[in-house]
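Below, each chain spelled out in residue letters.
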Amino acid sequence: MYVLDVKITGQERTMTRQVLLFISALYLGLVQGQVSYSIPEEMAKGSVVGNIAQDLGLDLKRLRSGKGRIYTDQSTEYIELSRDRGVLLIKERIDREALCGQTTPCALHFQIILEKPMELYRVTVEITDINDNAPIFTVSEMKFEISELANAGARFVLETAVDNDVGINGLQSYALKPTEHFVLKTQNLADGTKTVEMVLQKQLDREKQEQMSLLLTALDGGEPQMSGTMAILITIIDANDNAPVCAQPIYKTSVKENALRGTILTTVSASDADQGSYGIVTYSLSSSAKGLAELFEIDAQDGTLRLIGNIDFEKNAQYQISVQAKDQGGHSDSCKVIVDVTDVNDNSPTISIISESNEIPENSATGTVVAMMNIKDADTAENGNVKCDLNEETPFIIKSSSDGFYSIVTDDALDREQVSGYNITVTCSDEGVPSLSSSVTLSLKVTDVNDNPPVFNSAMYEASILENNSPGVSIFRIQAKDADWNQNARVSYILEESTVNGVGISSFVSVSADSGVINAMCSFDFEQIKNFQFHVKAQDGGSPPLSSNVTIRISIQDQNDNAPQVLYPVQTSSSVVAEMVPRSADVGYLVTKIVAVDVDSGQNAWLSYKLQKGTDRALFEVGAQNGEIRTIRQVTDKDGVKQKLTVLVEDNGQPSRSATVNVNVALADSFPEVLSEFTEFTHDKEYNDNLTFYLVLALAVVSFLFIVSIIAILSVKCYRWKQERMFYKSNGNLPVIPYYPPLYADVGGTGTLPHPHVFNYDACRTMDSRKSDIKYDGTYSRSIVSLETTGTATLPPFQTDKLVNEDSTEQQKPPNPDWRFNQNQRPGPSGAAATPDMAVGTGPWPQPPTEAEQLQALMAAANEVSEATNTLTPGTMGLSTRYSPQFTLQHVPDYRQNVYIPGSTATLTSNPQQQQQQQQMQQQMQMGPQQMGPQQALPPPQAAAAGPGAGPGADPGAMGQPEAPKAAQTPASKKKSTKKEKK
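Residues numbered from 1 in each chain as written. Predicted model: local features only at pLDDT ≥ 70, side-chain atom pairs only at ≥ 80, totals over all residues. Heavy atoms only, no water.

Asks: Mind laying out the sheet that holds strand E44 (residues 517-520), listing which residues take part and the relevant values?
Replies: The sheet built from 3 strands is open, its strands ordered E38-E44-E43 with antiparallel pairing. In the strand order of this sheet, the two ends are held by strand E38 (474-477) and strand E43 (509-511), each with one partner. In this sheet, neighbouring strand axes are inclined to one another by 20 degrees on average, regardless of whether the strands run parallel or antiparallel. Across 3 bridges, the pairing between E43 and E44 is antiparallel. Note that in E44 the partner of Val509 across the bridge is Ala520. (Pairing = 2+ DSSP bridges. Helix = DSSP H or I, 4+ residues; strand = E, 2+ residues; numbered from the N terminus. Axes fitted to C-alpha atoms, helices over the stretch in contact; angles between N-to-C directions.)

Asks: Tell me about the packing of aromatic side chains, and name the residues and values.
Replies: Scanning the entire structure with this criterion turns up 13 aromatic pairs. Ring centres of Phe456 and Tyr461 lie 6.2 Å apart, and the angle between their planes is 75 degrees; this geometry places the pair in the edge-to-face category. Here Phe456 matches Tyr461 in class, with each residue buried. Their ring planes at 40 degrees and their centres at 5.5 Å tell us that Phe508 and Phe532 sit as a pair that is tilted. A residue pair is termed long-range when its members are at least 10 positions apart, and Phe508 in the loop between strand E42 (503-504) and E43 and Phe532 in strand E45 (residues 531-540) qualify at 24 residues. Aromatic rings pair up to connect Phe456, Tyr461, Phe476 and Tyr493 into one cluster. (Phe/Tyr/Trp six-rings, centres within 6.5 Å; stacked < 30°, edge-to-face > 60°. Buried < 20%, exposed > 50% of the residue type's maximum accessible area, 1.4 Å probe, protein only.)

Asks: So what's going on with the pattern of salt bridges? Residues and values would help.
Replies: In this structure the tally under the stated criterion is 15 salt bridges. Note that Glu197 and Arg155 form a salt bridge whose closest N and O atoms lie 3.3 Å from each other. Here Arg155 lies in strand E12 (residues 155-158) and Glu197 lies in strand E16 (residues 194-200), a separation of 42 residues in the sequence. Residue classification places Glu197 among the buried positions, given a relative accessible area of 12%. The partner of Arg633 in a salt bridge is Asp616, with the nearest N and O atoms 2.6 Å apart. Residue Arg633 is found in the loop between strand E53 (628-631) and strand E54 (642-651), and its partner Asp616 is found in the loop between strand E51 (607-614) and strand E52 (620-622); the two are separated by 17 residues along the sequence. In the salt-bridge network here, residues are joined through shared partners; they are Arg96, Glu97 and Asp129. (Salt bridge = Lys/Arg side-chain N within 4 Å of Asp/Glu carboxyl O.)

Asks: Which residues make up the nonpolar core, and what are the values?
Replies: Val509, Phe532, Phe534, Ile552 and Ile554 are the most contacted members of the largest nonpolar core, which totals 29 residues. Leave out the neighbours within four places in its chain, and Phe534 touches Leu495, Ser498, Ile505, Val509, Ile518, Val550, Thr551, Ile552 and Ile554. With 27 residues, the next largest nonpolar core counts Ile70, Ile79, Leu108 and Tyr121 among its residues. (Core = buried A, V, L, I, M, F, W, Y, C linked by side-chain atoms within 4.5 Å. Contact = heavy atoms within 4.5 Å.)

Asks: Please give an account of a nonpolar patch on the surface that cites residues and values.
Replies: A cluster of nonpolar residues, Phe693, Tyr694, Leu697, Val701, Phe704, Leu705 and Val708, forms a patch on the protein surface that exposes about 710 Å² of accessible area. Its location among the elements puts Tyr694 in helix H5 (residues 671-730). (Patch = residues over 30% accessible without salt bridge, like charges linked within 9 Å, V, L, I, M, F, W, Y side chains within 5 Å. Areas by Shrake-Rupley, 256 points an atom, 1.4 Å probe, with all protein chains shown as cover.)

Asks: I'd like a description of the side chain of Glu257, backed by residues and values.
Replies: Here Glu257 shows up in the loop between strand E20 (250-256) and strand E21 (264-267). Of the side chains with opposite charge, Lys315 comes closest to the buried, unpaired Glu257, at an N-O distance of 9.8 Å. For Glu257, the residues in contact, after removing those within four places along its chain, are Ile311, Asp312, Phe313, Glu314, Val341, Thr342, Asp343, Val344, Asp346 and Asp379. (Lys, Arg positive; Asp, Glu negative; His and termini not counted.)

Asks: Residue-level account of the sheet that holds E52, with values.
Replies: Read from one edge to the other, the open sheet built from 3 strands follows the order E49-E53-E52, with strand pairing classed as antiparallel. On the outer flanks of this sheet lie strand E49 (590-593) and E52, each paired with one strand and no other. Across the sheet, the mean angle separating the axes of adjacent strands is 20 degrees when strand polarity is ignored. Strand direction decides the pairing type here: E49 and E53, joined by 3 bridges, are antiparallel. Considered in E53, the bridge of Thr592 is made with Ile629.

Now the structure itself:
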């Protein structure tokens, strides 16, 4: 035991109080310890009683987390707990006198409850008395009539004062003034009270003083001392010298607490030796017994004590009644009546819930506390003995800890799936007769714990699906149930990884995670796989999750999706097999047997045979079940040697599928006859096969040519439309660069052109692409190129309009590739040469071209088209690059290069001198654009006339023209060349 001295300073005084701290280790787990405090009464609200956290060794966090609170069975809470500070505070003003009356010691008993885990601490706060009440007399004055003959030592009982304080602060002494004739005498009784008597010490003399006035003062021992007074008025009379005497000083009696009003408790008697009026004794209850007049009364004449109120053993088990016997002369005596109240079983047990849990996990351990309660019975002895029980069939028991505290704990394992909640009824009864009982019902919900895995209805599922199903079709649905609740019962389905014939199972089926529906991921084929099995895991949503597996077997049902296959006779395209039947064969002769199979199963594979057509259907029959071909009549001479039978093989599926087989039968007795018929069969077969092939090939070729023609027409249309658009956008201001073909005749004298500004062209254009006629336009003698001083060559407006009109009336045709070459350069016969009568560069072929020359001309035209297509640029209006300033002679294809002419020893090759001239011209044209401005397409006429090194009088046409390439001479053509040079 620990004793702590704590000083508490008030507004008016400083007191020392003792704090008694009792900490005892109890065997029961709920009551952890006991703490006692001692405080004075009348402390201000909010005053600190004590640091309960420190005294109990608790942490402030524990007080807050455990929701520490005070439990008391009193109606008024005088003490409160501060969780933040860990101290006990005064909640209501404490009046010790109102709380305990004269009972000492006065103490408050309460408990401090903590939760999670549940703990209980008993606290006792002793309330010490302070001197806050003065002694008080119930009457302000007393009157006595005393005979003058009263002897010294005569005693007169005085009213006692009442001081609600106790101990040193209670009533301590009396004082009487004046004290000439009387003195005070006090006597301590067994119950701790005092009786006050006024004793006559000097005889009275009525003749000297008829009345006397005294003052009785009651004093307590408090600091400061407080007092109360009462006036005593004495009237002196004559001749009553004997006082009443009670028969016994103390009377004892008992009464049941449920006794009816009017019950006689006892009778008090007193005797007086005097006679007459002085010998008559009257009885009365002492006025100092506070509250007794409401419960008891005494008959003034005979002294009978009766019960006039309701008494309660639980409030007061004993009453001490002071009875006064008084005669007519003023003499009196007093006695005490002690009334013991007998307990009756009139109180049922009181059940107070201290703490309870509304829910408990199903995996709680045995012994888990779910509720704590305080059970009391105000009765005593057997009437106060309480026994508590719980309703049957609950996994809980009630345990008694101490001093009426009980706890309800689990006694068995809980299972929410079996019982999700309990209504616990606590019934407490005492041992009185008759027994009284009380009950209270607690509702407890069992919360779910993920302790049950999903469970399938079957350990294995079997399902079937028709083959050739659509991917994604539902096969069937599996379902697993989880006995848990909410999230713990939410089941998800997962496809376990496995393989079927080396392929992952996810390629075959899928499982819906929520519904468990199994869908086919592919189209099944019974002929490839007839059945397979896999595993599906059902997993709940608990933490940690629980799962279970199930095996699923899927069987593929066959459909009639395969036609019968004929194994015999074998049908080949290279040879024909014929069955030979002798003409002497009897009826029923076995010609052959059709052997066929169907890869389907069941009735889909049941095959039947029938003769579909034949050369002579009346000669043969086919067995419907076995496929045997037999004769049904005798073979005659009228029957042809070659018999062709078509047998239909049909399965029994719905719908049915079939196959046909041709059987060639030769009715002959010798092999040569069969051989001739066999050859005819082969020829017919080959002829039919070739005819089919040629028909297909012709159709493909015609389709290809049609598509190519459409593409070519569209390309030409687009190309021409693009030329027209580009020409219109240029507004006729495109530069025209004349090309000077080599070895053209000088019309003007010295040069190729008759005038620097006049160009002669022979334009050859085709009239229509579908014809081979050539349209020859006349020679234009008008200058179509206007060279401005800036060096830019443009078309004059009138010429532009003319060109546009011509272009709109007649579409531009591709240029003739032969307009640039003279007769010697054009492709032709090996010895062809220009004639003097014909202008150079014009005229028909001198003689019909050979096949090699025609091939050479085709090659030249193809190269020209390819060159024109590959060299198109946005600035040339669709013209080939020979019209641009960068054109050189190397752009002119030499169609004689490495061209071998059949029937001749000459090979057309390019002239080395011509190649050198072409390279020089190319270098000059590349240097030209660098020296001229960006807008100058042609050099000015003066600059064009005067070449490098020429004087002012140099002839513009004197500039040398590059020679045309010559064909490599052969020995056969050297003589002709020599003659031409001589001429």
